[in-house]
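Fold and contact review
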Amino acid sequence: MRTILLLISLVVNSLLNAQTTLPGTINSGGLLRDYLLYKPAVYTGNAPVPVVINLHGYGSNNVEQLFYGDFRPFADTANFLIVLPNGTLDGQGKRFFNTFGTGSTVDDVAFIDNLLDTLEATYNIDVNRIYATGMSNGGFMSYALACGLNDRITAIGSVTGSMITANLNACNPVHPVPVMEIHGTADATVPYNGSTVNGFVAIPTLVNAWVNFNHCDPTPVQTTVPNTNTADGSTAEHYVYSGGDQGSTVEHFKIIGGGHTWPGAAFNVGVTNQDINASREIWRFFNQYRLNQLTATRMPITSAINWSASPNPVDGYLMLHADKQQPVQQIQIYDTAGRLKQTLRPSASNNIRVETANWPKGVYYLIITQEGKIEQLQVVK
């Protein structure tokens, strides 16, 4: 696979000077990181557009992923930006995203966070429609973003990826995360039934974990995908777990006999299913969801009774007061787009001071979590 992808890279590298494919760099964590941005011709900047983060696999790079896991035909018609970050080099000179628990100190979640800041400052981006997908290690990284950048990532799609057990156990997103997992049963790199050696979570276990988190119906609607290509050495089954919080779902394409490959890819690098197009299915899945729709799920449904905020509107600092003293576990501050702006863990259980000097003017929702109850305050700056 690596050899063929290198040939792809050599063939298409000259195309990167095209007007719509733009290289860029940013500093993150003391490192100079690079990325590619695909901007479709229909993008004008007059209206906010979605962003799809497309992450390469281990030992690959963003150029290869641009063509292997190709979303450009869909971006050209649906008008969204594609950003393709590059991983850093490991000790063997292979690019990777730090999701395997190998002891690397590279913070790729912070890198993607910084990269989104850069893109939002340059382009007209719909902050409620930022999605992450990737191949293999890029799929692992998509799950890392669902957990660690939950305030910005709306939904994820993983192709041949999974999570390591430690990362799954530590994952605690604040809102439901729609997930699509596409995986072959004959994948020898990230085995469908998991790997105790690498700590890779089995795909049925992984899917069920996200079904449980989103509170989806545990019984999926199962359909057999029409076997339109009888020569590809594989077939596909589609599982849809619906009924989750705020309309969230989990979908799984089980590629029977499929290898460590991207279904529908133009390049056959193993048993590549051609009954579905992974890029098309992932975009179809992403296009259903908005972050502000999903974050509303974990917002309290009752207004605060015991808590008050003053002054409100606020200019300098805000004082939160409770009628009864009870330990406060955390205070989360959201903007009207549903984005988590700040998390506080105060030592006081009453008369809590919150600095607002760095808040832009607008409306904010304060989610106060105490044992046994969650309350919401609305504050105007």
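Bear in mind the structure is a predicted one, so any value in this text is a computation, not a measurement.

Details of the sheet that holds strand β13 (residues 307-310)
- Judged by pairing direction, the sheet is antiparallel, and its three strands sit side by side in the order β13-β14-β17 without closing on themselves. The open sheet is flanked by β13 and β17 (352-355), the only strands paired with a single partner. Strand-to-strand, the axes of this sheet are offset by a mean angle of 25°, without reference to chain direction.
- In this structure, strand β14 (residues 317-322) lies alongside β17, joined through four bridges in antiparallel fashion. Across the sheet, Leu320 pairs through a bridge with Ile352, a residue of β17.

A few points about the pattern of salt bridges
- Under the definition given, this model contains eight salt bridges.
- One salt bridge connects Asp117 with Arg152, and the closest N-O pair in it is separated by 2.8 Å. Placement of the pair is Asp117 in helix α4 (residues 108-122) and Arg152 in the loop between α5 (137-148) and β8 (155-159), with a sequence separation of 35 residues.
- Under the relative-accessibility criterion, Asp117 is labelled partly exposed at 39%.
- Between Arg152 and Glu120 there is a salt bridge; the shortest N-O distance is 2.8 Å. Here Arg152 is found in the loop between α5 and β8, whereas its partner Glu120 is found in helix α4, with 32 residues between them in sequence.
- In this structure Arg152 comes out as buried when scored by relative accessible area, which is 3%.
- Note on Glu120: relative accessible area 24%, which makes it partly exposed.
- One network of salt bridges, with partners in common, ties together Asp113, Asp117, Glu120 and Arg152.

A look at the packing of aromatic side chains
- Under the criterion given, the structure shown has 13 aromatic pairs.
- With centroids separated by 4.1 Å and ring planes inclined at 25°, the aromatic side chains of Phe80 and Trp283 adopt a geometry described as stacked. With a gap of 203 residues between them, Phe80 in the loop between α3 (72-78) and β4 (81-85) and Trp283 in helix α8 (residues 278-286) connect regions that are remote in the sequence. The residues Phe80 and Trp283 share a single accessibility class, namely buried.
- Here the aromatic rings of Phe285 and Tyr289 are separated by 5.6 Å at their centres, their planes lie at 65°, and the arrangement is edge-to-face. Judged on exposure class, the residue Phe285 and its partner Tyr289 are both buried.
- For Arg353, the ring lying beneath its charged end belongs to Tyr317, and the centroid distance is 3.7 Å.

Notes on the pairing of β8
- For β8, the buried fraction is high: five of the five residues fall into the buried class.
- The side-chain alternation of β8 yields two buried faces, one formed by Ala155, Gly157 and Val159 and the other by Ile156 and Ser158.
- Note that strand β7 (residues 125-135) and β8 share five bridges and pair parallel. Its bridge partner lying in β8, Ala132 is registered against Ile156.
- Of the pairings in the sheet, the one linking β8 to strand β9 (residues 179-184) comprises four bridges and is parallel in character.

Some points on the nonpolar core
- Among the nonpolar cores identified, the biggest contains 45 residues, and Ile53, Ile112 and Trp210 are the most heavily contacted of them.
- Going through the elements one at a time, β2 (31-38), β3 (49-55), β4, α4, β7, α5, α7 (203-214) and β11 (235-241) are the ones with two or more residues in this core.
- The residues contacting Ile112, other than those within four sequence positions of it, are Ile53, Leu55, Pro85, Met141, Leu145 and Leu149.
- In this structure, Phe80, Leu84, Ala265 and Ile276 belong to the second largest nonpolar core, which totals 34 residues.

What counts as what
- Residues numbered from 1 in each chain as written.
- Predicted model: local features only at pLDDT ≥ 70, side-chain atom pairs only at ≥ 80, totals over all residues.
- Heavy atoms only, no water.
- Pairing = 2+ DSSP bridges.
- Helix = DSSP H or I, 4+ residues; strand = E, 2+ residues; numbered from the N terminus.
- Axes fitted to C-alpha atoms, helices over the stretch in contact; angles between N-to-C directions.
- Salt bridge = Lys/Arg side-chain N within 4 Å of Asp/Glu carboxyl O.
- Buried < 20%, exposed > 50% of the residue type's maximum accessible area, 1.4 Å probe, protein only.
- Phe/Tyr/Trp six-rings, centres within 6.5 Å; stacked < 30°, edge-to-face > 60°.
- Lys NZ or Arg CZ within 6 Å of the ring centre and 35° of its normal.
- Core = buried A, V, L, I, M, F, W, Y, C linked by side-chain atoms within 4.5 Å.
- Contact = heavy atoms within 4.5 Å.

Keep in mind these numbers describe shape, not what the thing actually does.
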